[in-house]
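The chain contents come next:
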Amino acid sequence: MSKLSVSVIFCLLYINFCGYNVLSIGTPRYSINLDLNPPERWKKVGQDYANILKNFKQDILEHYHIPKELVNIADKIGSDLDKYIPTPFSGEMIGLADTSNIPLSEIVLANLLYELTAFCTSIVAQNNTGQIIHGRNLDYNLMKELKPLVIDVDFMRGGKIVYTGTTFAGYVGLLTAQKADVLTITLNQRNEGNILENLLDLLLTNHSMVSFTVRDTLDNPNVTFQSAVNYLAYGVYLVTPAYLIVGGVNTLEGVVITRGRISAISIRQLDLVKGLWYVLETNYDYWTSPPPSDDRRDPAIQMLDKLGRDIALDTLYSVLNRKPVCNSQTTYTTVMSAADGAAYTTHIRDNDCS
Ligand SMILES: *[C@@H]1O[C@H](CO)[C@@H](O)[C@H](O)[C@H]1NC(C)=O
Ligand SMILES: *[C@@H]1O[C@H](CO)[C@@H](O)[C@H](O)[C@H]1NC(C)=O
Ligand SMILES: *[C@@H]1O[C@H](CO)[C@@H](O)[C@H](O)[C@H]1NC(C)=O
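Residues numbered from 1 in each chain as written. Chains lettered and ligands numbered in written order. Predicted model: local features only at pLDDT ≥ 70, side-chain atom pairs only at ≥ 80, totals over all residues. Heavy atoms only, no water.

Describing the environment of V162
Part 1 of the reasoning: Along the chain, V162 falls in strand β5 (residues 160-168).
Part 2 of the reasoning: Judged by relative accessible area, V162 falls into the buried class, the value being 16%.
Part 3 of the reasoning: Discounting chain neighbours no more than four positions away, the residues touching V162 are L34, F155, M156, R157, K179, L218 and D219. (Helix = DSSP H or I, 4+ residues; strand = E, 2+ residues; numbered from the N terminus. Buried < 20%, exposed > 50% of the residue type's maximum accessible area, 1.4 Å probe, protein only. Contact = heavy atoms within 4.5 Å.)

See the structure below:
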C-alpha cells in the first residue's frame, strides 16, 4: 500500500500549467553559524517561518496523499530523536521545533518528506572555456506549500562561508549545495521499490539520509571533487536510492552517480572524447527511457545540443527555464559553478516557465 501511495505523491498533479508572468522573487538568504551548538543555529529561520510552518502539516495532509505510514514513522522518530537521527542534525531539528513552536514530529515529517519526494532535473556541463557549470530544477507536487519556504543558506565557521545551499525553512538537509572553489552537488530522487520499507531499521543501522550526507561531505575541510565522488558513490550507506550529481572546478569534473542503498550502480562522467560535454539527470536511470508522461530528459538534451558548448550560467538557466524541463511543479531553479562561488543564484518559481 505504501508503495502505491508514495508513487501517488510522485505523480500527483503532474500537469502542465505554466503561466507567463515573469515575476522574479528574491530568494531570502540566511547564515547558519556552525560554531554554535546545533539547537541554536536555526533560531532566526525558526522564528521567521513559524507562521508558515504552523499550518504545514495540516495543509499537506489535507491536499496530498501522504502515506499514513510516513506520518507514523515521523512520530516514532520524533519521540526518540537521538536514537534515529545523528548529530548535528538531531540538535538542529530540536532547535527548529523550539523556536518555531512546531511539534518535533512535524519537523521530522517535513525532513522526511523532502528527502523522499524530490523530482528534479540536474545538469553539469563543461563549456568552451573549460569551466564547469551546474544547474538544477527542484520539482515537487507540494509547490504551493513549499515555495514560501525556499531559502539560500550560507553555513559559516570562524566567520567564513564553509558551504552554501538551498533548502526549505525547517529542513536541515541539503538537496542543492556548493563548496566554493571545490565542488557543487545536487540530489535527485530515485524511485526504486518501496522507499518506506525498513526506513526505521535502516536509520538504526549505518544508513544515512542522503541530504545529511551532502552536508557531511561539504563540511569536511579536506574534501576534493574526487574524494567526494568516492565517498558519495561507495563510502556511505543510504536510506534511499538517489542520484547525486557532482561538479568540480577542473576539466572533466562532472558526474552523475546512480546510487542504490549500499553503493553506486553507475558513475557517468564527462568525457569529451565520447562527446559527453554535459551529463544530465532527471529521475530515471540513464540507460532506461523516461516514461512519455514525464520526459524532461529528451527536451533538455535537444536544447543543450542546440546551444553547444558556448554555454554559461545564464544559458544553462534558459534550458532549465523552458517547458517541459520547467513545469508546474518546479519550485526553484539554481545555477552555480564552484569556480565562481559568488555566482550562486536561486530563482523561486512562480509558474513562470517559458
Ligand atoms: C584534514 O587533513 C588534516 C591534515 O592532513 C588532518 O589532520 C585532519 O584530520 C583532516 N580532517 C578531516 C575531517 O578529515
Ligand atoms: C555498515 O555496516 C555493515 C555491517 O556492520 C558493514 O559491513 C559496512 O561496511 C558498513 N558500511 C558503512 C558504509 O559504514
Ligand atoms: C563558461 O562559463 C563561465 C561561467 O558562466 C562564463 O564566464 C564563460 O564566459 C563561459 N564560456 C563560454 C565560452 O561561454
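Notes on the domain arrangement of the protein
The extent of an interface is frequently quoted as the accessible surface area lost upon association of the parts.
Part 1 of the reasoning: With domains assigned, the protein is organised as domain 1 (3-18 + 36-115) and domain 2 (118-348).
Part 2 of the reasoning: A C-alpha centroid distance of 21 Å is found between domain 1 and domain 2.
Part 3 of the reasoning: Of the roughly 4000 Å² buried at the junction of domain 1 and domain 2 (both faces included), carbon and sulfur atoms supply 68%.
Part 4 of the reasoning: Joining domain 1 to domain 2, the criterion identifies one salt bridge.
Part 5 of the reasoning: At the surface where domain 1 touches domain 2, the tally comes to three residue pairs in polar contact (both at pLDDT 80 or more).
Part 6 of the reasoning: Taken together, the elements giving at least two residues each to the side of domain 1 that touches domain 2 come down to α1 (2-11), α3 (43-54), α4 (56-63), α5 (68-79), α6 (81-84), α7 (89-100) and α8 (104-116).
Part 7 of the reasoning: By residue number, the principal contributor to the side of domain 1 that touches domain 2 is α8, which donates six residues.
Part 8 of the reasoning: Taken together, the residues of the side of domain 1 that touches domain 2 sort by class into 31 nonpolar, three polar and eight charged. (Domains from an automatic or database assignment. Buried area = accessible area lost by both parts, 1.4 Å probe. Salt bridge = Lys/Arg side-chain N within 4 Å of Asp/Glu carboxyl O. Polar contact = N/O pair within 3.5 Å; in protein donor to acceptor, adjacent residues only side chain to side chain. Nonpolar A, V, L, I, M, F, W, Y, C, P; charged D, E, K, R; others polar.)

Focus: the nonpolar core
Part 1 of the reasoning: In this structure, I77 and F168 are the most contacted members of the largest nonpolar core, which totals 83 residues.
Part 2 of the reasoning: For this core, the domains that each give at least three residues are domain 1 (3-18 + 36-115) and domain 2 (118-348).
Part 3 of the reasoning: Aside from chain neighbours lying at most four places away, what touches I77 is Y84, I85, V108, L112, L200 and L203. (Core = buried A, V, L, I, M, F, W, Y, C linked by side-chain atoms within 4.5 Å.)

Side note on the site of ligand 2
Part 1 of the reasoning: The environment of ligand 2 is formed by N206, G235, V236 and Y237.
Part 2 of the reasoning: Between ligand 2 and N206, the relevant distance is 2.3 Å, taken from an oxygen atom to a side-chain nitrogen or oxygen of the residue.
Part 3 of the reasoning: Summarising the interface, the protein chains cover 37% of the accessible area of ligand 2, which totals 360 Å² for the free molecule.
Part 4 of the reasoning: Considered class by class, the residues forming the shell around ligand 2 number two nonpolar, two polar and no charged. (Near = heavy atom within 4 Å. Areas by Shrake-Rupley, 256 points an atom, 1.4 Å probe, with all protein chains shown as cover.)

Thoughts on unusual backbone geometry
Part 1 of the reasoning: Residues T87 and P88 are joined by a peptide bond in cis, for which omega reads 5°.
Part 2 of the reasoning: Among the secondary structure elements, P88 is positioned in the loop between α6 and α7.
Part 3 of the reasoning: In this model, K323 is joined to P324 through a cis peptide bond whose omega is 0°.
Part 4 of the reasoning: Phi at D181 is positive, roughly 70°, even though this residue is not glycine.
Part 5 of the reasoning: One non-glycine residue with positive phi stands out, namely L252, at about 70°.
Part 6 of the reasoning: Along the chain, L252 turns up in the loop between β10 (242-247) and β11 (254-259).
Part 7 of the reasoning: By relative accessible area, which is 33% here, L252 ends up partly exposed.

Examining the sheet that holds strand β15 (residues 345-348)
Strand pairing in a sheet takes place through backbone hydrogen bonds and is either antiparallel or parallel in direction.
Part 1 of the reasoning: On the basis of which strands lie adjacent, the open sheet formed by five strands has the order β13-β2-β3-β14-β15 and antiparallel pairing. In the strand order of this sheet, the two ends are held by β13 (278-281) and β15, each with one partner. When the angles between neighbouring strand axes are averaged without regard to direction, this sheet yields 10°.
Part 2 of the reasoning: The sheet contact formed by strand β2 (residues 119-126) and β13 spans four bridges and is antiparallel. Within β13, the position partnered with I123 by the bridge is L280.
Part 3 of the reasoning: Along the sheet face, helix α13 (residues 297-307) touches β2 and β13 and points at about 160° away from the line of β13.
Part 4 of the reasoning: Across the sheet, helix α14 (residues 313-320) lies against β2, β3 (132-139), β14 (330-336) and β15, angled at about 160° from β14, the strand it touches most. (Pairing = 2+ DSSP bridges. Axes fitted to C-alpha atoms, helices over the stretch in contact; angles between N-to-C directions.)

Observations concerning the environment of L313
Part 1 of the reasoning: Summarising the element assignment, L313 is placed in helix α14.
Part 2 of the reasoning: Sequence spacing of L313 and N127 is 186 residues, and the spatial spacing of their C-alpha atoms is 9.9 Å.
Part 3 of the reasoning: Look past the residues within four positions of L313 in its chain and what remains in contact with it is I133, V335, M336, S337 and A343.

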